[in-house]
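Structure assessment
Each chain, written out:
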Amino acid sequence: MLLQVYSEISMVGRNPSKYEHEDVYRMPLLLATIYESARLLPSGPMLQRCSMKHDLRFATGVTVPAGAVLVVPVQLVQKDAFNWGKDASAFNPYRFLSNITKESGSEEQLDYGISSFVLNDPCENAAFLPFGSGTRACVGQKYVIQVVATLLASLFKKYEIRLNTGSDGDSEPISKNPLVQHNPNSQIIFVRRDQ
Ligand code: HEM
C-alpha cells in the first residue's frame, strides 16, 4: 500500500497543479488511506446527542425522553461488519475507492496515468463518523484532511517509512474499556530517500 501511495504522490508531483495546495485532491489513494485510518482509529471514541426540551419519537416506536443523553460508540460503529462488511476490522483503503475506466476517467487522469481510482464520498456510509454527522458535524474536517494529506505527501516525498521490526510499542492497550481501546502501536522509522 505504501508503495502505491508513494507512486501516486510521485506521479502527481511530476505534473503539479497550478495551485499546489490542490494536488492532494488528485491523490485518491492517499486520501482513502487517511479516511481508512480515521475509520479504524477515530480520535474521538464517542458522540453524544441530547434533546433538551422534546421527547424524540423514532419510526421504530422507540421514544427517547427529553434530557436523556444518546451516546454513539463511534469506534464500535466504524468496525461493525453490518455496516462495513466482512473485512470491517481490516485496513482496506480501497473500500473508499472506485475504479475508473477509459469511459469515466477524466482526460487528465488518463493522460498522466495519475490514478485509476476515484475517491467516493466517505460519508456515503452513514456509519463513517470520525467527524460526527449532521448539523453539528465538525466544521474543520475538510481543512484537517487537506492538512494531513499535504503533510503526509511532503513526508513521503523525502522519507521512506518503515516499521521498526521487533518494537511492539506499548504492549498493553491504553484502556480496558472497549469503547476507548486502542491497540498497541509499533514504532515507525523515517529513512531519507536520498541516502
Ligand atoms: C483530526 C482533527 C479533528 C477531528 C477528528 C474532529 C472531530 C470532531 C468531532 C467528532 C466533532 C463532533 C461532531 C458531532 O457531534 O457530530 C467535532 C466538532 C467540531 N469541530 Fe472538529 N475535529 C477535528 C479538527 C477540527 C478543526 C481543525 C477545527 C477548526 C478549524 C474543528 C472545529 C470543530 C467545531 C467548531 C466543532 C463543533 C461543531 C458544532 O457543534 O456545530 N475541528 N469535531
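Residue positions within a chain follow its written sequence, with the count starting from 1. With the structure being a predicted model, the display of local features is reserved for residues of pLDDT at least 70 and the display and counting of side-chain atom pairs for 80 or more, all residues being used for whole-chain, interface and lining totals.

**A word on the overall build of the protein chain**
Along its length, the protein chain carries six helices and eight strands. Reading the protein chain from its N terminus to its C terminus gives the helix and strand order α-α-β-β-β-β-α-α-β-α-β-α-β-β. Three exposure classes are used, all based on how many other C-beta atoms lie within 10 Å of a residue's own C-beta (placed from the backbone): buried at 20 or more, exposed at 12 or fewer, and partly exposed between those limits. Within the span of the protein chain, comprising 195 residues, buried residues form 18% of the whole. Secondary structure counts use DSSP, requiring at least four H or I residues in a row for a helix and at least two E residues in a row for a strand, with both numbered from the N terminus.

**Examining helix α1 (residues 2–14)**
Helical geometry: 3.6 residues make up each α-helical turn, so side chains three or four residues apart lie on a common side. Given a rise of 1.5 Å per residue, 13 residues ought to cover 18 Å, and the 18 Å separating the end C-alpha atoms of α1 matches this to within 8%. Every buried residue belonging to α1 is among V5, E8, I9 and V12, and all of these are buried. Looking down the long axis of α1, one finds its buried residues gathered within 95° of arc, a one-sided arrangement. Residues of α1 that are exposed and point over 90 degrees away from its buried face: L3, S10 and R14. By definition, residue pairs are in contact when their C-beta atoms, positioned from the backbone, come within 7 Å. Tucked into the core, α1 has its buried residues touching α2 (28–40) and α6 (141–158). A helix's residues, less one, multiplied by 1.5 Å, set its expected span. Arc definition: it is the arc formed by the directions from the helix axis to the C-beta atoms.

**Side note on the packing of α2 against α6**
The relative placement of two packed helices is expressed as an angle between their axes plus a distance between the axes. All axes here are fitted lines through C-alpha atoms, helices being fitted over the stretch that makes contact, and every angle between N-to-C directions spans 0 to 180 degrees. At a closest axis distance of 10 Å, the pairing of α2 and α6 adopts a crossing angle of 120°. For the element pair α2 and α6, the recorded crossing hand is right-handed. Across the interface between the two elements, L30, L31 and I34 from α2 touch I145, V148, A149, L152 and A153 from α6. Amino acids outside the nonpolar list (Ala, Val, Leu, Ile, Met, Phe, Trp, Tyr, Cys, Pro) and the charged list (Asp, Glu, Lys, Arg) are all regarded as polar, and Gly is one of them. Taken together, the residues of the contact of α2 with α6 sort by class into eight nonpolar, no polar and no charged. Rotating anticlockwise by less than a right angle from the far helix to the near helix defines a left-handed crossing, while the corresponding clockwise rotation defines a right-handed one.

**Some remarks on the UniProt feature "binding site: heme" (unreviewed entry) in the protein chain**
Using the residue numbers shown here, the UniProt feature "binding site: heme" (unreviewed entry) corresponds to C138. Apart from residues lying up to four places away in sequence, C138 is in contact with F131 and G132. UniProt positions are given in the numbering used here, feature names are shortened, and annotations may be inferred rather than shown by experiment.

**Looking at the site of the ligand**
Near the ligand lie 14 residues; those nearest to it are G132, R136, C138, G140 and V144. A per-class count over the shell around the ligand returns eight nonpolar, five polar and one charged. Defining nearness, a residue is near a molecule or strand when the C-beta atom obtained from its backbone falls within 6 Å of it.

**Some thoughts on the packing of α1 against α6**
Close contact between α1 and α6 brings their axes to 10 Å; oriented N to C, the two are set at 95°. The orientation of α1 with respect to α6, classified from their angle, is roughly perpendicular. On α6, the residues that touch V5, Y6, I9 and G13 of α1 are A153, F156 and K157. Per-class residue counts for the contact of α1 with α6 are five nonpolar, one polar and one charged. Convention used here: angles under 35 degrees read as roughly parallel, angles over 145 as roughly antiparallel, angles from 65 to 115 as roughly perpendicular, and any remaining angle as oblique.

**A few points about the nonpolar core**
A set of buried Ala, Val, Leu, Ile, Met, Phe, Trp, Tyr and Cys residues, joined to one another through C-beta atoms within 7 Å, is what we call a nonpolar core. Among the nonpolar cores identified, the biggest contains 17 residues, and I9, M27, L30 and L31 are the most heavily contacted of them. Those elements giving two or more residues to this core turn out to be α1, α2 and α6. Setting aside chain neighbours within four positions, we find I9 in contact with M27, L30, A153, F156 and K157.

**A look at the environment of Y25**
Within the secondary structure, Y25 is located in the loop between α1 and α2. Sequence-wise, Y25 and R49 are 24 residues apart; in three dimensions their C-alpha atoms are separated by 32 Å.

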